[in-house]
Amino acid sequence: MSVEAKAGEVAKSDLISVFIDGTEVQVPKGTLAIRAAEMIGIAIPRFCDHPLLDPVGACRQCMVEVPDMGNGRGMPKPQASCTLEVAPNMQIQTQLSSAKAEKAQKGMLELLLINHPLDCPICDKGGECPLQNQALSHGPAESRYHGVKRTFPKPVSISAQVLLDRERCVLCARCTRFSEQISGDPFIALVERGALQQVGFYEDHPYDSYFSGNVVQICPVGALTSADYRFQARPFDLVSTPVVCEICAAGCELRTDHRHYQVKRRLAGNAPDVNEEWNCDRGRFAFYSGRQADRLTSPLVRDGDALRPASWPEAIDAAVAGLKAAGAGVGVLVGGRLTLENAYGYSKFARAVLGTNHIDFRSRPHSVEEGQFLAHAVAGRAFGEGVTYAGLEEAKQVICVAFEPEEESPIVFLRLRKAVRKKKLKVVTVAPFESNGARKLGAHFVPTVPGTEAEVVSKLDADADTVILVGERAALSLGTFSALVELASHTGARLAWVPRRAGDRGAVEAGCLPHLLPGGRPVADAAARVDVQAAWGVPALPAEPGLDAGAMLHAAASGELGALVVAGVQPTDFADAAAARAGFEQAPFLVSLESRISEVTARAEVVLPVDLIEEQAGTFLNWEHRPGRVNRVNRQAGSPMTDLRVLAMLADALGTDLGIRRTKEARRELDELGTWDGERAAAPAEEWLQPDRASGLVLASWRLLIDGSAANDGAPALLATAKKPVARLGEATASELGLADGDLVTVGAGNGELTLPLVVEPTMVDGVVWVPGNIDGAGLGELAVTATQPVQVSGGVA
């Protein structure tokens, strides 16, 4: 018998028969009665039940009659179907066939409506409210209650972006269960008893969770509302569009609702294989950036010391003149915001039009070793070949290296936490201190001085049931990628790279690296170049690998490159912000494709406006390499064009047909090109270096989820929930420096300094100082320090 047949036999043996309203249905053992009813299309009204939360039976709305428990005996009173596990041959009667169940459900609705305010016309939930809908479908036609309803002062802010109307609450406990079971932020709870019971929170600890928006979405009655969306629109006025989140590489499916060409809200979509029904607050609320006053809608060209508005033909002509003057000495910096199709457009534009391999998406700290790792272990992999979300749940152990899931990929964090709760997954974190996210995962903390990750990794225990998740910060620690590849190779562990930005994974696949062509084809491989030449219809492609992002900026500053084409890049994202600014400032010619005014556009000779992500269609590849569809949400008259169309215009003016102008054309060409089936690039084999700890402290850093990024602009409620930026030192190090908790300290290096309040962290490794990666547009790049260079810390009483 085959493995599949055996599995089917086992699964069949686990099925039991139950009868619901006289209809037999076979379900797995342990199935709840409410789920069994759903399988045959019977909808039982409910408020507290949610398929991703543990059953609690709080609202008592889903009552059913059980005349036979499967043993010939019935239950004397109606039962809550959301907590009732079915038994073999159990007889269940819902409101459709039982007058007793129908009476119980109507009675519960009548009880809930006694104190519920009649404010449906002004309630944000009106029109999509389960209480409203079920009162009409299952409740009494008229109320028998004519007394005074209970009222509370309203609204109560349980955080900067979640407001509570207590008299609307039906005590379903969805919000408190979510915060406890899913996100691990139990700052809200049901308090008091009887008629006074209500949702409460700790006065000194507002509900500042990265996932607080989910409690608003799952609240069935509008008791919890969003400060962001409150009184903005009615559900029936909104047009809904499914999209994939553009913030990080998690690949969350969202629902974007807009009215009058303006996005009003974003909700988590239903994607069981990815984000299930959750998303983070940044993905939910950070959609105002493109509405700021500095939005670019028309081209700009430099006239003396200033930029002035210009027509598209004038701007294209000016850009072409500068690019022609530079010849093949042009560098292309594309950032991590692009869809797969736009990234592919830049890759093709660089090679087929400009004749250069100087292209890189890594507008952040990066290394040669990282490029080798991406070519060897990441590029050219199809979805399903590597680790997936399901694989995280199936693993026995997950090791996180240079990767902080809650901050850098929140949905990965939620999936890990689910596996920890339900399957006893062991999480190991290699980090300088035990973060709040690591504590919520119950992670085994491996204290690590930044720069020594390779040494620590070489000593870890792993096996075939282990998944290793490595973040992009590993590029700061020489030898780490090499050690991880070696660990995975000799233990059979599965290795996955989890970048921070939504467009990074697609940029690798599109060939936005100086040594890789689309589909993971090595630039140095003649057969790989022939593949691409044939697909693009060009006689030749440059054979030498190009410069990476840092080298391009250095070459532009020194005059070795004659021009830069830049898209969605900020100097503060780089390892050395001052050097990046110098590169942009001193570049002989700079063309910027951007949606908002930035430090780069201020230094550009030509600025070409491009669409916001909500104004275009395309694809994002998440960290699994799973494609996610980006649908156009809305587009107003006078909006700019996609990056792809602007590149096609430039190519035409330069005398070369790019061959692709629309998203569908780019995707079709990329799919036809496929992935490289030849010999893969060699694995990295770098030796690690001991950081200098004799002349200062070692710097540790990562970016917080809600930080000073320009993408968060225009969302004050979201920014109000951001963690306060602090510097962290271990107890021994702080004592040695004469510093105490709360002191203002200055962390300085050769290029700059940051002044922050100090938090003394008991789990911090000695000799290490941690600072956040981006604070109001400034951060690690201002210090311009690597993991092997020392920093100085000084300070005094705040």
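Residues numbered from 1 in each chain as written. Predicted model: local features only at pLDDT ≥ 70, side-chain atom pairs only at ≥ 80, totals over all residues. Heavy atoms only, no water.

Peer 1: Teacher, can you tell me more about the overall build of the protein chain here?
Peer 2: Assigned secondary structure in the protein chain consists of 26 helices and 37 strands. With respect to the principal axes defined by its C-alpha atoms, the protein chain has extents near 85 × 65 × 60 Å. Here the protein chain, with 798 residues, has 58% of them falling under the buried criterion. Of the roughly 31,200 Å² that the protein chain leaves accessible, carbon and sulfur atoms contribute 52%. (Helix = DSSP H or I, 4+ residues; strand = E, 2+ residues; numbered from the N terminus. Buried < 20%, exposed > 50% of the residue type's maximum accessible area, 1.4 Å probe, protein only. Areas by Shrake-Rupley, 256 points an atom, 1.4 Å probe, with all protein chains shown as cover.)

Peer 1: Is there a simple way to think about the sheet that holds strand β11 (residues 239-244) in this case?
Peer 2: The strands making up a sheet associate through hydrogen bonds between their backbones, and the pairing can be parallel or antiparallel. Strand order across the open sheet formed by three strands is β11-β12-β13, with antiparallel pairing between neighbours. Taken across any chain shown, the strands that pair with only one partner, and hence form the sheet edges, are β11 and β13 (262-268). Across the sheet, the mean angle separating the axes of adjacent strands is 30° when strand polarity is ignored. Strand direction decides the pairing type here: β11 and strand β12 (residues 253-259), joined by six bridges, are antiparallel. The residue bridging V239 from the neighbouring strand is H258, located in β12. (Pairing = 2+ DSSP bridges. Axes fitted to C-alpha atoms, helices over the stretch in contact; angles between N-to-C directions.)

Peer 1: Help me understand the pattern of salt bridges in this model?
Peer 2: For side chains bearing opposite charge, pairing can occur when the charged atoms are close. Scanning the entire structure with this criterion turns up 54 salt bridges. For R415, the salt bridge is made with E393, and the minimal N-O distance between the two is 3.0 Å. Placement of the pair is R415 in helix α13 (residues 410-423) and E393 in helix α11 (residues 389-394), with a sequence separation of 22 residues. Each member of the pair, R415 together with E393, is buried. E406 is the salt-bridge partner of K440, the closest N and O atoms lying 2.5 Å from each other. Of the two residues, K440 sits in helix α14 (residues 436-440) while E406 sits in helix α12 (residues 405-408), which places them 34 residues apart along the sequence. One exposure class covers both K440 and E406, and it is buried. (Salt bridge = Lys/Arg side-chain N within 4 Å of Asp/Glu carboxyl O.)

Peer 1: Where do I start with the environment of S311 in this structure?
Peer 2: Inspection of the secondary structure assignment puts S311 in the loop between β15 (306-309) and α8 (312-326). Through-space distance from the C-alpha of S311 to that of V771 is 44 Å; in sequence the pair is 460 residues apart. One polar contact links the side chain of S311 to the main-chain amide nitrogen of E314, over a distance of 3.3 Å. (Polar contact = N/O pair within 3.5 Å; in protein donor to acceptor, adjacent residues only side chain to side chain.)

Peer 1: Explanation requested: the pairing of strand β14 (residues 300-303) in the structure shown.
Peer 2: Two faces make up the sheet, and in a regular strand the side chains alternate between them. Of the strand pairs in this sheet, β14 and β15 are connected by four bridges, and their pairing is antiparallel. Paired with R302 across the strands is L307, a residue of β15.

Peer 1: Sorry, what's going on with the state of the cysteines here?
Peer 2: A covalent bond between the sulfur atoms of two cysteines is what we call a disulfide. Within the structure shown, the criterion is met by zero disulfides. Unpaired in terms of disulfides, C512 finds its nearest cysteine sulfur in C248, a separation of 19 Å. (Disulfide = S-S within 2.5 Å.)

Peer 1: What exactly am I supposed to notice about the packing of aromatic side chains here?
Peer 2: Pairs of aromatic rings are described using the distance from one ring centre to the other and the angle between the two planes. One pass over the structure, following the stated rule, counts ten aromatic pairs. Considering the side-chain rings of F373 and F481, the 4.5 Å spacing of their centres and the 25° angle between planes classify their relative orientation as stacked. Of the two residues, F373 sits in helix α10 (residues 368-378) while F481 sits in helix α16 (residues 480-491), which places them 108 residues apart along the sequence. There is no split in this pair, since F373 and F481 are both buried. For the pair F433 and W702, a centre-to-centre distance of 5.4 Å together with 20° between the ring planes defines the contact as stacked. Placement of F433 in the loop between β19 (426-431) and α14 and of W702 in strand β30 (residues 697-702) is noted, with a sequence separation of 269 residues between them. The class for F433 is buried, based on a relative accessible area of 4%. (Phe/Tyr/Trp six-rings, centres within 6.5 Å; stacked < 30°, edge-to-face > 60°.)

Peer 1: For this particular structure, what's the right way to read the environment of E544?
Peer 2: Looking at where E544 falls in the secondary structure, it is placed in the loop between α18 (526-536) and α19 (549-558). Along the chain, E544 and A328 lie 216 residues apart, while their C-alpha atoms are 12 Å from each other. Residue contacts for E544: discarding those within four places in its chain leaves N357 and V523. (Contact = heavy atoms within 4.5 Å.)

Peer 1: When you look at helix α20 (residues 577-586) in this model, what are you seeing that I'm missing?
Peer 2: Three- or four-residue spacings in an α-helix give side chains the same orientation, since the helix completes a turn every 3.6 residues. Within α20, burial applies to A577, A580, R581, G583 and F584. In a view along the axis of α20, the buried residues occupy a sector of 160°, so they form one face of it. Of the residues flanking the start of α20, the one acting as N-cap is D576, its side-chain oxygen 3.2 Å from the backbone nitrogen of A578. (Arc of directions from axis to C-beta.)

Peer 1: Even after reading the chapter, I still don't get the packing of α10 against α16, so can you show me in this structure?
Peer 2: Interhelical geometry of α10 versus α16 gives an angle of 30° and a closest axis separation of 8 Å. Looking at the two axes, α10 sits roughly parallel to α16. On the side of α10, the interface is formed by E369, E370, F373 and H376, while α16 contributes T480, F481, S482 and V485. (Parallel < 35°, antiparallel > 145°, perpendicular 65-115°, else oblique.)

Peer 1: Looking at this model, I keep getting lost on the confidence of the model for the protein chain. Mind explaining?
Peer 2: Parts of the model with low pLDDT should not have their predicted coordinates read in detail. Per-residue confidence for the protein chain gives a mean pLDDT of 92; residues scoring 70 or more make up 96%. Counting interchain partners and residues more than four positions distant, the pLDDT-below-50 stretch residues 1-10 has one contact. (pLDDT = per-residue confidence, 0-100.)

Peer 1: Would you explain the nonpolar core in this entry?
Peer 2: Considering soluble globular proteins, one finds that nonpolar side chains tend to be buried as a cluster. In terms of nonpolar packing, the biggest core is built from 109 residues, with V86, F178, L224, L392, V398, L469 and W623 touching the most fellow members. Broken down by element, this core gets its largest block of residues, seven residues, from α13. Of all hydrophobic cores here, the second largest spans 85 residues; its members include V378, A379, A510 and L621. (Core = buried A, V, L, I, M, F, W, Y, C linked by side-chain atoms within 4.5 Å.)

Peer 1: Any chance you could explain the sheet that holds strand β27 (residues 606-609) here in plain terms?
Peer 2: Taken in spatial order, the seven strands of this open sheet run β15-β14-β27-β26-β25-β16-β17, and their pairing is mixed. If you trace the sheet from one side to the other, it starts and ends with β15 and β17 (359-360), each paired once. When strand β16 (residues 330-333) meets β17, the two strands line up parallel, connected through two bridges. Residue pairing in the sheet places L333 in a bridge with D360 of β17. Strand contacts of α19: β16, β17 and β25 (563-567), with the helix running at about 135° to β16, the strand carrying the most contacts.

Peer 1: Quick question: what am I supposed to make of unusual backbone geometry here?
Peer 2: It is generally the case that most residues other than glycine have a negative phi and that most peptide bonds are trans. Here the residue pair K154 and P155 is connected by a cis peptide bond, since its omega of -10° sits within 30 degrees of zero. Locating P155 in the fold gives a position in the loop between α4 (130-138) and β6 (156-157). Positioned with a positive phi, N89 is a non-glycine residue whose angle comes to about 65°. For N89, the location among the structural elements is in the loop between β4 (79-80) and β5 (91-93). Although it is not a glycine, A402 adopts a positive phi angle of roughly 50°. Take A402: it is sitting in the loop between β18 (397-401) and α12.

Peer 1: Hey, could you run me through the packing of helix α5 (residues 174-182) against α13 in this one?
Peer 2: A packed helix pair is summarised by two numbers, namely the angle formed by the two axes and the spacing between the axes. Viewed as axis vectors pointing N to C, α5 and α13 meet at an angle of 85°, and their least axial separation amounts to 10 Å. Classified by the interaxial angle, the pair formed by α5 and α13 is roughly perpendicular. Taken together, the residues of α13 that come into contact with α5 (itself represented by E180, Q181 and I182) are L414, R417 and R421.

Peer 1: Would you mind going over the pairing of strand β33 (residues 753-760) with me for this structure?
Peer 2: The pairing of strand β31 (residues 727-729) with β33 spans three bridges and is classified as parallel. By the bridge assignment for β33, A727 is matched with L758. Sheet topology places strand β32 (residues 744-748) next to β33; five bridges connect them, and they run antiparallel. Pairing of V745 across the sheet is with L756, part of β33.

Peer 1: Which parts of the structure should I look at to understand the side chain of R521?
Peer 2: Looking at where R521 falls in the secondary structure, it is placed in strand β24 (residues 521-522). Not counting residues up to four positions away in its chain, the partners in contact with R521 are H515, L516, A528, D531, V532, L673, G674, T675 and W676.

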